[in-house]
Amino acid sequence: MAAGEFIAVIPARFASSRLPGKPLAEIAGEPMVAHVWRRASASRASRVVVATDDARIEAALAPLGAEVVMTRADHPSGTDRLAEVAERLGLADAAVLVNVQGDEPLIPASLIDQVAERLFDDPGASIATLAEPITEVATLFNPNVVKVVRAESGRALYFSRAPLPWHREAWDRGARPERLEADAWLRHIGLYAYRASFLADYRGWPPAPLEQLEQLEQLRALHHGHAIQVALAGEPHPAGVDTAEDLARVRALLAHETSQGGD
């Protein structure tokens, strides 16, 4: 791969506890994964690959001419699936892969480019990811929202489901604030760029203790001393599809865009 080039990989697992067959959920006349593939194809990625464990997803993408890599069905995480893709493609250690979640049909192509560029900007980092400011108290205290604390260099210090950092003086004795008066809290966006060399190492590591406590796989990288660069997202990151309600919302949004002549 030439300098600055990267591959976008879309893990698309058929099984889902909340929405079985989620990648094939119909949105504006196409399966969800097709919308994600189109968004990734609009980025500067030199190659876009869908990584799946199900022939039905491969068949649904065939009319688009999308490149599909069939992977094992027993991967515990999307990162493990990405590692298999890097191995199957025979990528060099320095190759950069961006993990584009298969349930984000609204993902802006610019964010895919941005997370890759962040990794190129820091040769000592193994991973890059994105974040955005938290402005609502309910969001900060929501355990389903992952928070990140970073150093002046932009590298991640820690990720947590807890409301970090804790404002000791203002929130004495665990008092929940009515509003956020400082610009100190960041919400992690689950868009990652990886070096292939890191993915090869990752596959051999058992889950780390903090990873198991928080149920956050990026803590495995920090546990093993790998640097994660965190950039502030250059534009808003639309929510993905986790529930039936999310699916209905995205269907309405894309139906409106289609009627207006958009994507």
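Up top is the structure.
My aim in this report is to walk through the structure given alongside it, one point at a time. Note that the structure is predicted; figures quoted are calculated from it, not measured.

1. Some details on the side chain of H35
Within the secondary structure, H35 sits in helix α1 (residues 32–41). Apart from residues no more than four positions distant in its own chain, H35 is found in contact with I27, A28, E30, P105 and L254.

2. Considerations on the pattern of salt bridges
Taken as a whole and judged by the stated rule, the model has 13 salt bridges. Among the ionic pairs, E87 bridges to R203, the shortest N-O distance being 2.5 Å. With E87 in helix α3 (residues 78–88) and R203 in the loop between α6 (196–202) and α7 (209–214), the pair connects residues that are 116 residues apart, well separated along the chain. For R203, a relative accessible area of 31% puts it in the partly exposed group.

3. Brief notes about the nonpolar core
One recurring pattern in soluble globular proteins is that nonpolar side chains are buried together. Counting 33 residues, the largest nonpolar core has I10, V50, L61, V98, V100 and L191 as the members making the most contacts within it. Every element with two or more residues in this core is listed here: β1 (7–12), α1, β4 (47–52), α2 (55–61), β6 (96–99), α4 (109–121), β7 (127–133) and β10 (186–195). If we ignore the near neighbours within four places in the chain, the residues touching V100 are A8, V9, I10, P11, V36, I107, I112 and L191. Ranked by size, the runner-up nonpolar core spans 31 residues in total, among them A51, Y194, A196 and W205.

4. Some words on unusual backbone geometry
Following L164, the chain continues into P165 via a peptide bond in cis, with omega recorded as -5 degrees. Mapping P165 onto the fold places it in the loop between β9 (156–160) and β10. The backbone of A28 sits at a positive phi, close to 50 degrees, despite the residue not being glycine. By secondary structure assignment, the location of A28 is in the loop between β2 (26–27) and β3 (30–31). Taking relative accessible area as the criterion, A28 reaches 39% and is therefore assigned partly exposed.

5. Regarding the packing of aromatic side chains
Under the criterion given, the structure shown has nine aromatic pairs. Judged by centre distance (5.9 Å) and plane angle (0 degrees), the ring pair of Y194 and F198 falls under stacked. F198 shares its class with Y194; the two are buried. With a centroid separation of 5.7 Å and an interplanar angle of 50 degrees, the aromatic rings of F198 and Y202 are classed as tilted. Here F198 and its partner Y202 are both found in helix α6, four residues apart, which amounts to about one turn of the helix. Taken individually, F198 and Y202 each receive the classification buried, so the pair is uniform in this respect. Through pairs of rings, three or more aromatic residues link up here, namely Y192, Y194, F198, Y202 and W205. Over the face of the ring belonging to F14 we find R56, whose NZ or CZ atom lies 3.8 Å from the ring centre.

Rules and cut-offs
- Residues numbered from 1 in each chain as written.
- Predicted model: local features only at pLDDT ≥ 70, side-chain atom pairs only at ≥ 80, totals over all residues.
- Heavy atoms only, no water.
- Helix = DSSP H or I, 4+ residues; strand = E, 2+ residues; numbered from the N terminus.
- Contact = heavy atoms within 4.5 Å.
- Salt bridge = Lys/Arg side-chain N within 4 Å of Asp/Glu carboxyl O.
- Buried < 20%, exposed > 50% of the residue type's maximum accessible area, 1.4 Å probe, protein only.
- Core = buried A, V, L, I, M, F, W, Y, C linked by side-chain atoms within 4.5 Å.
- Phe/Tyr/Trp six-rings, centres within 6.5 Å; stacked < 30°, edge-to-face > 60°.
- Lys NZ or Arg CZ within 6 Å of the ring centre and 35° of its normal.

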